[in-house]
Amino acid sequence: MDYYKLFFLFFTVSINFLLLISSSPIANTYNYTLPPSRPVTPDYICKFTPYPTSCKSLLPNKTSNVYDFARFTIFKSLSQTLRFQTLVNKFLHLGAGLPKPTVAALEDCQFLAGLNVEYLSSSLGSINATHSALPGWKTEDIQTLLSAILTNQETCYDGLKSTTSSSWMVRKGLFAPLANDTKLFSVSLALFTKGWVPNNIKKKLVRSVVLERGNDVDHSKVVVVREQVTVSQDGSGNFTSINDAVAAAPNKTMGSGGYFVIHVKAGVYEEYVSIGKNKRYLMLIGDGINQTVITGNRSVVDGWTTFKSATFAVTGQGFVAVNITFRNTAGASKHQAVAVRNSADLSAFYSCSFEGYQDTLYTHSLRQFYRQCDIYGTVDFIFGNAAVVFQNCNLFPRLPMNGQFNAITAQGRTDPNQNTGISIHNCTVRAADDLAASSGGGGNAKTYLGRPWKEYSRTVYMQSYMDNVVDAAGWREWNGDFGLSTLYYAEHDNRGPGSETAKRVTWPGYHVINATDAENFTLSSFLLADNWLPQTGVAYTNGLI
């Protein structure tokens, strides 16, 4: 797609919208319960965004409705992203003139900006096709994409900031545009939310009953298969490497056409696998946990960005993995070292294992589901800013380095309008063998349910078993009082010696919730799973148990 031609097309459409803006007066007093088509001033609507001053400077000084204001800011977001993409490319052309860590961070920014162009183009195309409401599932799609755009922006910024040797030219040239564009993206998300998701109405369950699809699913009977190939190290299959099989998959397929299935036979595959955005509806099936193993050892200490340290990275929509172990063997001393980075919308992992230490599983963005998986790690070993549900999984904190503590989650929500968060449902939290064998279950190495990596961090544990490895306080601060009043941490109906809430933290953002509130974080409500999970063949429970 020629995004520059698309830019000028949307510019023309946007100008037409501005010419249609009404100048009729509005009432002086009312709260924001009016229909989104009701005219409002920029001064008024901007009060409902995280950056009112920036919002007012962005919007045309005319009265309009929220729909048109949202269209205008999303269009402007697209144009600014194209500008930023060009700016990053200019710095990358300096090549040898920049330190290696800076180049790596810039490459991440280039990749993420490309995703943002695609997500904004898709969002703008959808909302330009209507002058009013959208179907609920389409609203959810757009809010998810606009949430991911902010996540991608934050990832770019974090990568550049963490490269201490980063060129002053890069910092001076990119940090200001990053900050300004982040505010623009936040305003766009807020206006979309006010127009198409008024008052943040709670999602309705797709079905009113609890549905259990069973623990074992015969994929040959349930899943529609487009084509199947085999990877085997002994040469008996179609390919000897996973990457070669991925390269052979068709591009930009639709889910209705079925999955391209790659059966990876038992073996230890020492390769770094990357499944791009063009490889949609790809299913990777192994021969079992610890039988089919994909392993690597990249880490931040060895010069990789956290984003690029992943042994296995996936961006293609509709990805499914079954019966595979993913490892990063860099070890605790190498700090951030990702086993899997998942940026794939509507993706699912079933009966898989994730093994690492710090930052094992990077649930980066969009909508994800994990069922009957084992996740091992130490510091922040489940992190990121996806809308993600873990169900019937085992979370195994390991023995960290001396002086470290374990944080199971570090959720990265940066904006109150993002529909992201971590939901841990009917899982088990238990010490891994090395931690259990150490003095007192880890000596001085305490284990916490999570800590607020970003200001609006959101994590919920419900109907899960917590062994005594969990510290009585439950949760750990990140840095002083950062995020403690803006985060949302909650527990509901958990069991086990580590689940007692009497001595939990007393932060404003921590809650013990009832079943009604917990329903908002079930698969049906949080991920609208009944709309997409059945085609994967993955077992799931769509409500509370």
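Overview of the structure.

Each value, and the rule that gives it
- Residues numbered from 1 in each chain as written.
- Predicted model: local features only at pLDDT ≥ 70, side-chain atom pairs only at ≥ 80, totals over all residues.
- Heavy atoms only, no water.
- Helix = DSSP H or I, 4+ residues; strand = E, 2+ residues; numbered from the N terminus.
- Buried < 20%, exposed > 50% of the residue type's maximum accessible area, 1.4 Å probe, protein only.
- Areas by Shrake-Rupley, 256 points an atom, 1.4 Å probe, with all protein chains shown as cover.
- Contact = heavy atoms within 4.5 Å.
- Pairing = 2+ DSSP bridges.
- Salt bridge = Lys/Arg side-chain N within 4 Å of Asp/Glu carboxyl O.
- Core = buried A, V, L, I, M, F, W, Y, C linked by side-chain atoms within 4.5 Å.
- Disulfide = S-S within 2.5 Å.
- Polar contact = N/O pair within 3.5 Å; in protein donor to acceptor, adjacent residues only side chain to side chain.
- Axes fitted to C-alpha atoms, helices over the stretch in contact; angles between N-to-C directions.

1. Describing the overall build of the chain
No. 1: Secondary structure assignment for the chain yields 12 helices and 26 strands.
No. 2: For the chain, the proportion of its 545 residues judged to be buried stands at 59%.
No. 3: Here the chain displays about 21,500 Å² of accessible surface, and carbon together with sulfur accounts for 51% of that area.

2. Here we look at the environment of lysine 334
No. 1: Mapped onto the fold, lysine 334 is located in the loop between β9 (325-328) and β10 (340-342).
No. 2: In this structure lysine 334 comes out as partly exposed when scored by relative accessible area, which is 24%.
No. 3: Spatially, the C-alpha atom of lysine 334 lies 7.4 Å from that of aspartate 302, the residues being 32 residues apart in sequence.
No. 4: Leave out the neighbours within four places in its chain, and lysine 334 touches Ser299, Val300, Val301 and Asp302.

3. So, the sheet that holds strand β6 (residues 292-296)
No. 1: Pairing in this open sheet of 8 strands is parallel, and the strands run β3-β6-β9-β12-β15-β18-β21-β24 from one edge to the other. Both edges of this open sheet fall to β3 (267-269) and β24 (465-466), since each of them pairs with a single strand only.

4. Brief notes about unusual backbone geometry
No. 1: A positive phi is found at lysine 252, a non-glycine position, where the angle reads about 55°.
No. 2: Here lysine 252 is to be found in the loop between α9 (242-248) and β2 (259-264).
No. 3: A residue is classified by how much of its surface remains accessible, and lysine 252, at 57% relative accessible area, is exposed.
No. 4: One non-glycine residue, asparagine 323, adopts positive backbone phi at about 60°.
No. 5: Residue position: asparagine 323 is located in the loop between β8 (320-322) and β9.

5. Examining the pattern of salt bridges
No. 1: Under the definition given, this model contains 15 salt bridges.
No. 2: Through salt bridges that share partners, Glu107, Asp108 and Lys308 make up one connected network.

6. Quick look at the nonpolar core
No. 1: Core analysis: the biggest nonpolar cluster contains 62 residues, and Leu106 and Leu160 have the highest contact counts within it.
No. 2: Counting residues per element, the ones that place at least two in this core are α2 (42-45), α3 (52-58), α4 (66-92), α5 (100-128), α6 (136-162) and α7 (168-196).
No. 3: Considering every element that reaches this core, the biggest residue donor is α4, with 13 residues.
No. 4: Residues Val246, Ile294, Leu449 and Val505 belong to the second largest nonpolar core, which totals 56 residues.

7. What about the state of the cysteines?
No. 1: Scanning the entire structure with this criterion turns up 2 disulfides.
No. 2: Across a sulfur-sulfur distance of 2.0 Å, cysteine 109 and cysteine 156 are joined as a disulfide pair. Between cysteine 109 and cysteine 156, the S-S torsion sits near 95°, and that sign places the bridge as right-handed. Taken together, the positions of cysteine 109 in helix α5 and cysteine 156 in helix α6 put the pair 47 residues apart, joining distant regions of the chain. With respect to burial, cysteine 109 and cysteine 156 carry one shared label: buried.
No. 3: Take the cysteines of the chain that form disulfides and number them in order along the sequence; they join up as 1-2, 3-4.
No. 4: Free of any disulfide, cysteine 373 has its nearest cysteine sulfur in cysteine 393, 4.7 Å distant.
No. 5: Cysteine 427 supplies the cysteine sulfur nearest to cysteine 393, a cysteine that is in no disulfide, at a spacing of 4.6 Å.

8. A short note on the side chain of asparagine 406
No. 1: Along the chain, asparagine 406 turns up in strand β19 (residues 406-411).
No. 2: Relative accessible area serves as the criterion here: at 0%, asparagine 406 is assigned to the buried category.
No. 3: A distance of 3.1 Å separates the side chain of asparagine 406 from the side chain of threonine 447, its partner in a polar contact.

9. Some thoughts on the sheet that holds strand β7 (residues 312-314)
Strand-to-strand pairing in sheets goes through backbone hydrogen bonds, with the strands running parallel or antiparallel.
No. 1: Strands sit in the order β4-β7-β10-β13-β16-β19-β22 across an open sheet of 7 strands; the sheet is parallel. One side of each edge strand has no neighbouring strand; the edge strands of this open sheet are β4 (273-275) and β22 (447-450). The average undirected angle you get between the axes of adjacent strands in this sheet is 10°.

It is worth stressing that arrangement in space is one thing and function is another; only the former is reported here.
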